[in-house]
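Descriptive structure summary
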Amino acid sequence: MRAQISRSARSLLSAASKRTARSFSGGQAAAVVSCRGRVSSLASYSSSESGNTYRRWISGVLTLPAAAFMLQDQEANAAQMERTFIAIKPDGVQRGLISEIISRFERKGFKLVAIKVVIPSKDFAQMHYHDLKERPFFDGLCDFLSSGPVIAMVWEGEGVIRYGRKLIGATDPQKSEPGTIRGDLAVVVGRNIIHGSDGPETAKDEIGLWFKPEELVNYSSNAEKWLYGDN
């Protein structure tokens with residue numbers, strides 16, 4: 001149902017955009033919504049356009065169905081500043097892929113706010129994978145996570161949870177797209193080299209499990225103004 005509503009709202013926004021473009025075909029189109037989702041005032045319009053055209057355009061925007069603006073607000077808030085838990089598993093550590101994986105998150109623009117090397121106990125691994133305890137592969141999964149060093153990390157950025165999963169790729173490396181970490185660096189499910197939180201609640205729980213509050217660092221990166229600038 002949500003997907004159907006989203007498609008409908010997108011169609012409405014698209015239709016409104018086309019009407020706007022036709023109305024202003026003889027002049028300069030104005031920016032109504034900024035790149036970060038905030039509604040702004042009309043920036044400019046051609047002096048050659050009549051007052052009637054301007055009023056029709058404003059009327060069309062103001063009478064857009066509520067679903068269209070709900071979609072706009074939803075998408076604007078989707079990329080909020082957040083934190084996610086990322087772990088390089090024992091196979092990724094043993095294969096010397098630590099710097100390769102970290103560099104992919106850094107190049108995207110995400111900020112590393114916590115990192116440590118730890119060999120989890122099996123009991124700890126069972127707490128980490130508690131949601132899979134009914135699965136037949138649970139015991140083997142916990143044995144593997146506790147078999148060697150793990151690089152535990154917390155990354156911060158706008159939309160980092162959702163996009164972090166995209167960087168990682170599908171659970172099965174054979175189904176991961178080229179360009180993703182698993183798609184480029186892994187072959188089989190049992191050795192897929194990396195773990196990432198799959199949602200906000202999971203991220204909160206996993207960060208709390210692996211790190212003490214004092215191990216998380218708060219700081220401003222010099223790159224942030226180039227990543228999240230308002231202009």
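The structure we're discussing is the one just above.
Below you will find a few notes about this structure. (Residues numbered from 1 in each chain as written. Predicted model: local features only at pLDDT ≥ 70, side-chain atom pairs only at ≥ 80, totals over all residues. Heavy atoms only, no water.)

**Notes on the nonpolar core**
- Ranked by size, the top nonpolar core spans 21 residues in total, and within it I101, F105, W155, I193 and I194 carry the most contacts.
- Counting only elements with at least two residues in this core, the list comes to β1 (81–88), α5 (98–108), β3 (150–158), α8 (160–168) and α9 (181–185).
- Looking at this core, the element that brings in the most residues is α8, giving 4 residues.
- Once residues within four sequence positions are removed from consideration, I193 is found in contact with A87, I88, K89, D91, G92, R95, L97, I101, I181, L185 and A186.
- Residues V113, A125, Y129 and W210 belong to the second largest nonpolar core, which totals 17 residues. (Core = buried A, V, L, I, M, F, W, Y, C linked by side-chain atoms within 4.5 Å. Buried < 20%, exposed > 50% of the residue type's maximum accessible area, 1.4 Å probe, protein only. Helix = DSSP H or I, 4+ residues; strand = E, 2+ residues; numbered from the N terminus. Contact = heavy atoms within 4.5 Å.)

**Observations concerning the sheet that holds β1**
- A sheet is described by the order of its strands in space; here 4 strands give the open sequence β2-β3-β1-β4, paired in antiparallel fashion. The sheet terminates laterally at β2 (111–118) and β4 (194–196), the two strands that pair on one side only. Adjacent strand axes in the sheet meet at a mean angle of 20 degrees when their direction is disregarded.
- The pairing of β1 with β3 spans 8 bridges and is antiparallel. (Pairing = 2+ DSSP bridges. Axes fitted to C-alpha atoms, helices over the stretch in contact; angles between N-to-C directions.)

**Overview of the environment of V154**
- Looking at the element boundaries, V154 is found in strand β3.
- By relative accessible area, which is 0% here, V154 ends up buried.
- Between the alpha carbons of V154 and I115 there is a distance of 6.6 Å; along the sequence they are 39 residues apart.

**Structural notes on the pattern of salt bridges**
- In this structure the tally under the stated criterion is 8 salt bridges.
- Across the pair R104 and D184 runs a salt bridge, and its minimum N-O distance is 3.2 Å. Of this pair, R104 sits in helix α5 while D184 sits in helix α9, placing them 80 residues apart in sequence.
- One continuous salt-bridge network, built from bridges that share partners, spans R83, K111, E156 and E224. (Salt bridge = Lys/Arg side-chain N within 4 Å of Asp/Glu carboxyl O.)

**Overview of the pairing of β3**
- Most of β3 sits out of view: 8 of its 9 residues are buried.
- Summarising the sheet, β2 and β3 pair through 7 bridges and their orientation is antiparallel. In the strand pairing of β3, L112 is matched with W155.

**Brief notes about the packing of α5 against α8**
- Here α5 crosses α8 at 135 degrees, and the two axes come no closer than 11 Å. In terms of orientation, α5 lies oblique with respect to α8. In this structure, α5 crosses over α8, and the sense of that crossing is right-handed. Contact with α5, carried on its side by R104, F105 and K108, involves Y163, G164, L167 and I168 of α8 and no other residues of that element.
- For the contact of α5 with α8, the per-class residue count stands at 4 nonpolar, 1 polar and 2 charged. (Parallel < 35°, antiparallel > 145°, perpendicular 65-115°, else oblique. Left-handed = near helix turned anticlockwise from the far one by under 90°. Nonpolar A, V, L, I, M, F, W, Y, C, P; charged D, E, K, R; others polar.)

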